[in-house]
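Below, each chain spelled out in residue letters.
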Amino acid sequence: MDLGLNGRAAFVAGASSGLGLAAAVALAREGCHVALCSRDQSRIEAAAAAVRQQLASSQVLPLACDVTDEAQIRNALDRVAVEFGRLNILITNAGGPPTGLIDDFDADGWRDGLELNLVSTINLCRHALPHLRRAARDDGHARILMVTSIAAKQPIGTLYLSNTSRAGVQGFAKTLSEEVGPEGITVNTLMPGFTRTDRLQHLVEDLMERHGKTADEVEAGWASGAALRRLGDPEEFAAAATFLAGRPAGFITGIALPIDGGYSKHML
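Residues numbered from 1 in each chain as written. Predicted model: local features only at pLDDT ≥ 70, side-chain atom pairs only at ≥ 80, totals over all residues. Heavy atoms only, no water.

### A word on the overall build of the protein chain
Now for step 1: Looking only at helices and strands, one finds 8 helices and 7 strands in the protein chain.
Now for step 2: Out of the 268 residues in the protein chain, the part that is buried amounts to 52%.
Now for step 3: Long-range contacts, defined as pairs at least 24 residues apart, comprise 73% of the intrachain contacts of the protein chain with a sequence gap of at least 6.
Now for step 4: Only carbon and sulfur atoms are counted for the fraction: they give 51% of the accessible area of the protein chain, which is about 12200 Å².
Now for step 5: Here the protein chain carries 25 positive and 31 negative side-chain charges, and the mean point of each set is 6 Å from the other. (Helix = DSSP H or I, 4+ residues; strand = E, 2+ residues; numbered from the N terminus. Buried < 20%, exposed > 50% of the residue type's maximum accessible area, 1.4 Å probe, protein only. Contact = heavy atoms within 4.5 Å. Areas by Shrake-Rupley, 256 points an atom, 1.4 Å probe, with all protein chains shown as cover. Lys, Arg positive; Asp, Glu negative; His and termini not counted. Charge placed at Lys NZ, Arg CZ, Asp CG, Glu CD.)

### Regarding a nonpolar patch on the surface
Now for step 1: The grouping of Leu101, Ile102 and Tyr160 at the surface amounts to a nonpolar patch, some 260 Å² of accessible area in total.
Now for step 2: With respect to the secondary-structure elements, Tyr160 resides in helix H5 (residues 160–180). (Patch = residues over 30% accessible without salt bridge, like charges linked within 9 Å, V, L, I, M, F, W, Y side chains within 5 Å. Salt bridge = Lys/Arg side-chain N within 4 Å of Asp/Glu carboxyl O.)

### Let's talk about the environment of Arg74
Now for step 1: Structurally, the position occupied by Arg74 is in helix H3 (residues 70–84).
Now for step 2: Classification of Arg74 by relative accessible area gives partly exposed; the value is 35%.
Now for step 3: Residues Arg74 and Met146 lie 72 residues apart in sequence; the distance between their C-alpha atoms is 17 Å.

### Let's talk about the pattern of salt bridges
Any two side chains of opposite charge can pair if their charged atoms end up close together.
Now for step 1: Under the counting rule described, the total for this entry stands at 9 salt bridges.
Now for step 2: With its nearest N and O atoms 2.8 Å apart, the salt bridge here joins Arg133 to Glu183. With a gap of 50 residues between them, Arg133 in helix H4 (residues 107–139) and Glu183 in the loop between H5 and strand E6 (185–192) connect regions that are remote in the sequence.
Now for step 3: For the salt bridge of Arg210 with Asp206, the shortest nitrogen-to-oxygen distance reads 3.0 Å. Note that Arg210 and Asp206 are positioned in helix H6 (residues 198–211) at a spacing of 4 residues, about one turn of the helix.
Now for step 4: A network of salt bridges, in which partner residues are shared, links Asp104, Asp206 and Arg210.

### Observations concerning unusual backbone geometry
Now for step 1: Positive phi values are uncommon outside glycine, yet Thr158 reaches one of about 75°.
Now for step 2: Looking at the element boundaries, Thr158 is found in the loop between strand E5 (142–147) and H5.
Now for step 3: Despite not being glycine, Arg229 shows a phi value in the positive range, around 60°.
Now for step 4: Mapped onto the secondary structure, Arg229 falls in the loop between helix H7 (215–225) and helix H8 (234–245).

So far we have only geometry, and geometry alone does not tell us how the molecule works.
What follows is the structure, encoded as structure tokens:
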């Protein structure tokens, strides 16, 4: 299937590793010009080098950008539009906040969690919209994908901050899809389940400490809850993201897509 992504321009936040990097690689493989964003300059440079090594013909732009800093977001998105001449695809993404129980966080901890996962998403969209509106007018291809989590629909114990902030992203995404839909911009969210990333390893270590289990026991417990009885791979997440970013998905907007092997049990 031709996804119509050749020559399009994408900005992928949180792309130094894990789901963000996998999505960036998949988009580049389809011919996208890809800007990779992360807080750490050395890590994002290394990620960009890895993409170039796999796909020598790709145009890859590494950007150091802290998504909790609005000025850095605005500057990074403006630079993408200048370097690539357009911005067709925005993928919002950020690392997961700390785990804990209700008494483990003070008010500042809650604010930090919301800043990381909810406010960063809002600001990325706000500052990308002028560029995406231009792309929608010029060539009819403008996409917003927000990475959340199955925790947004099926809360997970000890993930108070993630459960709360990512549910907020879902509300924001659905509202935004209604506003910008008439302009030809699609807005969808991706809800990954337990997928083999560095973040998942941190969750494993947390549960090992809390419950005295081995890593294999923790992972087996997650796998047993999924219909497919296994954990996911970042490339499987990236395949779904790339399809929704493509031209054939132009009539899909306002959805929240679980990519979790059947872990979440909601009916709709």
